[in-house]
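Here is what each chain is made of, one letter per residue.
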Number of protein chains: 2
Amino acid sequence: MNFQNRKQLILQTVDERGSVDVRELADLLQTSEMTVRRDLVQLAASGLLYRTRGGAMKVSMATDSLRFEHKAAVNAERKDYICQLAAQEIREGDVIFMDCGSTVFRLCQFIRNKRITVVTNSLPVVAELMSSKVTVNLVGGEVDKERQAVHGLIAEEHIARYRANRAFMGVDGISLEHGLSANSEKEASIAMAIARQTDKVYLLCDSSKLETNKYLYFAPLSLFDVLITDTETKPDVVSAYQKAGVTLIH
Amino acid sequence: MNFQNRKQLILQTVDERGSVDVRELADLLQTSEMTVRRDLVQLAASGLLYRTRGGAMKVSMATDSLRFEHKAAVNAERKDYICQLAAQEIREGDVIFMDCGSTVFRLCQFIRNKRITVVTNSLPVVAELMSSKVTVNLVGGEVDKERQAVHGLIAEEHIARYRANRAFMGVDGISLEHGLSANSEKEASIAMAIARQTDKVYLLCDSSKLETNKYLYFAPLSLFDVLITDTETKPDVVSAYQKAGVTLIH
DNA sequence: TAGATTTTGTTTATTTTTGATCAAATCAAC
DNA sequence: GTTGATTTGATCAAAAATAAACAAAATCTA
């Protein structure tokens, strides 16, 4: 294992995991920590990664604001579980929509190596898939800095130009009584626009959001085809949704 | 087993495995390590593989493309000088185009606090302006991962929907004889699309690019209105451009 | 076939890379 | 701030890879 090979592996690892530490790498590469450090210094010098104390990070847009990993980290385990289920639904060659939810964002890590096309209005999703095999199509229009996503009329028109096999969307609230609800009109109208252009819509929704309502009701349950949630969903809620005709995976 | 046969086998092995080491090859080819080394030197000299210490790699695996952040840092001082001049041209309320060049990227830091709207196809620009007062409009379409920007037909159509006071663009080469030239068709066509929709086009171009030509000539000097460059531009070049009718700031 | 030429293999010297040690720098918790 | 733990970079010796020098083998040629 020489420098060139190690370099390959290090960059690949950093790219996949976002960040690594020296000890991990030394273990992975079967070499000393000193050597790993020397490699990292070189790679950082050529701008291929960002050196941190104890390890290294992806350089991409990592230094900038285009990261909402903090937010995405809430209920991370549940969300990852949901996203693994979601990723299994995806076939090679699919064209999929991904919206700007924090759950949907975590789907990125599971689709990095698939040969698919992702159409999205989420900037963190774009940043994350920048170094993947996925073909990315970015929805154009005005940037909402708070949500780190593109919204508005132009964005909806852009979406209307594409047709996708599947869409993966988040939602702020969902209830049997009122259907889907959101915290903002922007997110609601993007969700509607995406659903119109998609064969099969998957709603990714961790159990904490089931049977909650937000201020804006924007669509009935029939907007989506499949609800993917986690195992902590109470059995009575599951059966109530199934009785209401919802296809539910958990 | 002569050199021709070994060469075949070596290239095939490198191609299949991505990388090989001298010992493996000596074993595989039933020859000494010294001979293998000599073969590798020859093959590397003719560019058929990439020589590493201890072995060799596929050329494609060894090329570490310079990342955008790094590229932006080359000639940073000159670029910053140019961008300061450019920023002075901007008025409150302006709508401006910014393309995906590394010089243009550095303009971001000087416009953070202006109340303007920026339309751009550059993802680093978006990331940089995410935490600013600027209203950002992102051009939609297929993402070019290498350039960290959006290009293509859809992008050009998106641009055609907007009208801007000013555009700030980079260019790979510029010469009095041949006009503007680029390294890729993608960048050239975006530049054309932007220029069509803009009242006043500023070309940001550090002195190292003046009087150089890249492979694709795509527009005459008349495409832009003002050329902004740095103080290291030679006086005779300056006067030649002015004589040719170019408005030049430096 | 003898002699010249090229290629290959072995030995040796040189260079590069690596890993261990340890003082200095940095960080985190108090 | 001070302390204590961790990380780092410098130094140096060991290991590995390389290049150089030369001898042996193979190939070519007259």
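Note: the structure precedes this text.
As the structure is a computational prediction, the values presented were derived from the model and not from experiment.

Cut-offs applied
Residues numbered from 1 in each chain as written. Chains lettered and ligands numbered in written order. Predicted model: local features only at pLDDT ≥ 70, side-chain atom pairs only at ≥ 80, totals over all residues. Heavy atoms only, no water. Near = heavy atom within 4 Å. Polar contact = N/O pair within 3.5 Å; in protein donor to acceptor, adjacent residues only side chain to side chain. Helix = DSSP H or I, 4+ residues; strand = E, 2+ residues; numbered from the N terminus. Nonpolar A, V, L, I, M, F, W, Y, C, P; charged D, E, K, R; others polar. Disulfide = S-S within 2.5 Å. Buried < 20%, exposed > 50% of the residue type's maximum accessible area, 1.4 Å probe, protein only. Pairing = 2+ DSSP bridges. Axes fitted to C-alpha atoms, helices over the stretch in contact; angles between N-to-C directions. Contact = heavy atoms within 4.5 Å. Parallel < 35°, antiparallel > 145°, perpendicular 65-115°, else oblique. Arc of directions from axis to C-beta.

Chemist: Tell me about the protein's contact with DNA strand C, and name the residues and values.
Modeler: Surrounding DNA strand C, one finds 14 residues, the nearest of these being Arg6, Thr35 and Arg38 of chain A together with Thr31 and Thr35 of chain B. Near the protein, meaning within 4 Å, the atoms of DNA strand C are sugar or phosphate in a fraction of 58%, with bases accounting for the rest. Residue Ser32 of chain A places a side-chain N or O atom 2.8 Å away from a phosphate oxygen belonging to DNA strand C. Every element with two or more residues in the surface near DNA strand C is listed here: helix H3 (33-45) of chain A together with helix H3 (33-45) of chain B. Looking at the surface near DNA strand C residue by residue, the classes come out as two nonpolar, six polar and six charged.

Chemist: Describe the state of the cysteines, naming the residues involved and giving the relevant values.
Modeler: Under the counting rule described, the total for this entry stands at zero disulfides over all chains. Considering cysteine sulfurs only, Cys108 of chain A is the nearest to Cys100 of chain A, which forms no disulfide, with 12 Å between them. A relative accessible area of 11% means that Cys100 of chain A is categorised as buried. Not part of a disulfide, Cys205 of chain B finds its nearest cysteine sulfur in Cys83 of chain B, a span of 12 Å. According to the relative accessible area criterion, Cys205 of chain B is buried, its value standing at 0%.

Chemist: Let's hear about the sheet that holds strand S7 (residues 141-144) of chain B: which residues, and what values?
Modeler: Strand order in the open sheet made by the nine strands is S15(A)-S14(A)-S12(A)-S9(A)-S4(A)-S5(A)-S6(A)-S7(B)-S8(B), with mixed pairing throughout. In this open sheet, the two edge strands, each paired with only one partner strand, are strand S15 (247-249) of chain A together with strand S8 (149-151) of chain B. Taking each pair of neighbouring strands and ignoring which way they run, the sheet shows an average axis angle of 30°. Pairing between strand S14 (residues 226-228) of chain A and S15 of chain A: three bridges, direction parallel. Across the sheet, the residue bridging to Ile228 of chain A is Ile249 of chain A, located in S15 of chain A.

Chemist: Any details on the environment of Asn183 of chain A? Residues and values, ideally.
Modeler: Residue and element names in this part refer to chain A. Position of Asn183 among the secondary structure elements: in the loop between strand S11 (179-182) and helix H10 (185-196). Distance in space between the C-alpha atoms of Asn183 and Val171 is 9.0 Å, their sequence separation being twelve residues. Beyond its immediate sequence surroundings of up to four residues, Asn183 is in contact with Asp172, Lys214 and Tyr215.

Chemist: I'd love a proper account of the pairing of strand S12 (residues 198-204) of chain B, names of residues and values included.
Modeler: All names here are of chain B. Among the seven residues that make up S12, five are buried, leaving the element largely enclosed by the rest of the structure. Bridge analysis of S12 against strand S14 (residues 226-228) gives three bridges, and the strand direction is parallel. In the sheet register, Leu203 faces S14, and the bridge partner there is Leu227.

Chemist: Tell me what's going on with the packing of helix H1 (residues 3-17) of chain B against H3 of chain B, and back it up with residues and numbers.
Modeler: Residues and elements named next belong to chain B. Two elements in contact, H1 and H3, have axes separated by 11 Å at closest approach and are oriented at 75°. One finds that H1 runs roughly perpendicular with respect to H3. The segment H1 lies against H3, with Phe3, Arg6, Lys7, Ile10 and Leu11 engaging Thr35, Asp39, Leu40, Gln42 and Leu43. For the contact of H1 with H3, the class distribution of residues is five nonpolar, two polar and three charged.

Chemist: Pulling in residues and values, what's your account of the side chain of Ser207 of chain A?
Modeler: All names here are of chain A. Locating Ser207 in the fold gives a position in the loop between strand S12 (198-204) and strand S13 (216-219). By relative accessible area, Ser207 is classed as buried at 15%. Side chain to side chain, Ser207 and Arg78 meet in a polar contact 3.2 Å long.

Chemist: So what about the packing of helix H2 (residues 22-29) of chain A against H3 of chain A? Which residues, and what values?
Modeler: Residues and elements named next belong to chain A. Where H2 meets H3, the axes come as close as 9 Å, and the angle between the chain directions of the two elements is 110°. Comparing their axes, H3 and H2 come out roughly perpendicular. Here Val22, Arg23, Leu25, Ala26 and Leu29 of H2 lie close against H3, whose contacting residues are Glu33, Val36, Arg37 and Leu40. Residues of the contact of H2 with H3, tallied by class, amount to six nonpolar, no polar and three charged.

Chemist: Quick one: what's the story with helix H10 (residues 153-160) of chain B, residue by residue and with numbers?
Modeler: Listed as buried for H10 of chain B are Ile154, Ala155, His158 and Ile159 of chain B. The arc that holds the buried residues of H10 of chain B, viewed along the axis, is 140°, so those residues lie on one side.

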